[in-house]
Amino acid sequence: MTDLLERAREAREAAYAPYSEYAVGAALRTADGSVYTGCNIENANYSNSLHAEEVALGSAVRDGHREFDRLAVSSAAEDGVTPCGMCRQSLAEFCEASFVVVCEGPDDPVEYELGELLPEAISREMVVDE
């Protein structure tokens, strides 16, 4: 867990957050042990901003990964930031409810399961007739 959180901290250093001044980094580990990182990238039009978790997830999916082991998230405030609802739903597209999300807290890291953070995720089965 510590190594993945350290990778999230390193990714946070590349954040572009001139508006919120709230830098976030994420590190996503794939089922095969590869790690993809991301940082938040803000835009003056806030709706066009990218979140660290979605940057990491998008990079991994682009490279063909569809199975993930765990995610670590770190903010510069080290305040226990968790993925937002949009990022939780994006993770739920690829991850089970038991997927582990590690968040850097003010004292110690806190672990959640994705199902705790997003108990009623919209699933593929809800939107696709097979």
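Since the structure is predicted, the reported quantities are computational estimates derived from the model, not experimental observations.

1. Observations concerning the side chain of R88
- Along the chain, R88 turns up in helix α3 (residues 85-92).
- In this structure the side chain of R88 is engaged in a polar contact, spanning 2.8 Å, whose partner is the side chain of T82.
- In terms of polar contacts, R88 uses its side chain to reach the backbone carbonyl oxygen of P83, at 2.6 Å.
- Not counting chain neighbours up to four residues away, the residues in contact with R88 comprise T82, P83, L114, L117 and L118.

2. Here we look at the UniProt feature "binding site: Zn(2+)" (unreviewed entry) in the protein
- With numbering matched to this structure, UniProt assigns "binding site: Zn(2+)" (unreviewed entry) to C84 and C87.
- Its location among the elements puts C84 in the loop between β3 (68-75) and α3.
- The residue C87 is located in helix α3 in this model.
- The residues contacting C87, other than those within four sequence positions of it, are H51, E53 and E54.

3. Examining the pairing of β3
- Counted residue by residue, β3 has seven buried out of eight residues, so it is predominantly covered.
- Bridge analysis of strand β1 (residues 24-30) against β3 gives seven bridges, and the strand direction is antiparallel. Its bridge partner lying in β3, R29 is registered against R70.
- Note: β3 against strand β4 (residues 100-103), four bridges, orientation parallel. By the bridge assignment, R70 is partnered in β4 with V100.
- You can see the chain leave β3, run along α3 and come back into β4, and the turn it takes is right-handed.

4. Section: the sheet that holds β3
- Strand order in the open sheet made by the five strands is β2-β1-β3-β4-β5, with mixed pairing throughout. The two strands at the open ends of the sheet, each matched to only one other strand, are β2 (35-39) and β5 (110-113). Sheet twist, expressed as the mean angle between neighbouring strand axes with direction ignored, is 20°.
- In the sheet, β1 pairs with β2 via five bridges, with the strands oriented antiparallel. When the bridges of β2 are listed, L28 appears paired with Y36.
- Across the sheet, helix α2 (residues 52-62) lies against β1, β2 and β3, angled at about 140° from β2, the strand it touches most.

5. Topic: the packing of aromatic side chains
- Per the counting criterion, the structure on display carries two aromatic pairs.
- With 6.0 Å between their ring centres and 85° between their planes, F68 and F94 make a pair best called edge-to-face. Here F68 is found in strand β3, whereas its partner F94 is found in the loop between α3 and β4, with 26 residues between them in sequence.
- Residue classification places F68 among the buried residues on the basis of a relative accessible area of 11%.

Rules and cut-offs
Each residue is numbered by its place in its chain's sequence as written, counting from 1. Since the coordinates come from a predicted model, pLDDT governs what is reported: local features require at least 70, and pairs of side-chain atoms require 80 or more to be given and counted, while whole-chain, interface and lining totals use all residues. To get the side-chain values, take all heavy atoms of the structure and skip hydrogens and water. Runs of E in the DSSP output that reach at least two residues are strands. Runs of H or I that reach at least four are helices, and both are numbered from the N terminus. Polar contact criterion, stated in full: a pair of N or O atoms within 3.5 Å, where within protein one must be able to donate a hydrogen and the other to accept it, and residues adjacent in sequence count only if both atoms are side-chain atoms. Should any heavy atoms of two residues lie within 4.5 Å, those residues are considered in contact. UniProt positions are given in the numbering used here, feature names are shortened, and annotations may be inferred rather than shown by experiment. In this scheme, a residue with accessible area under 20% of its type's maximum is buried, one over 50% is exposed, and one in between is partly exposed, where area comes from a 1.4 Å probe on protein chains only. Should DSSP find at least two bridges between two strands, the strands are taken to pair. The definition of a right-handed crossover adopted here requires that, viewed with the strands pointing away, the path from the first strand over the helix to the second runs clockwise. Lines are fitted to the C-alpha atoms to define the axes, a helix being fitted only along its stretch in contact, and any angle between axes, read from their N-to-C directions, falls within 0 to 180 degrees. Here is the rule: rings of Phe, Tyr and Trp (six-membered ring for Trp) pair when centre to centre is within 6.5 Å. Planes less than 30 degrees apart are stacked, more than 60 are edge-to-face, and the remainder are tilted.

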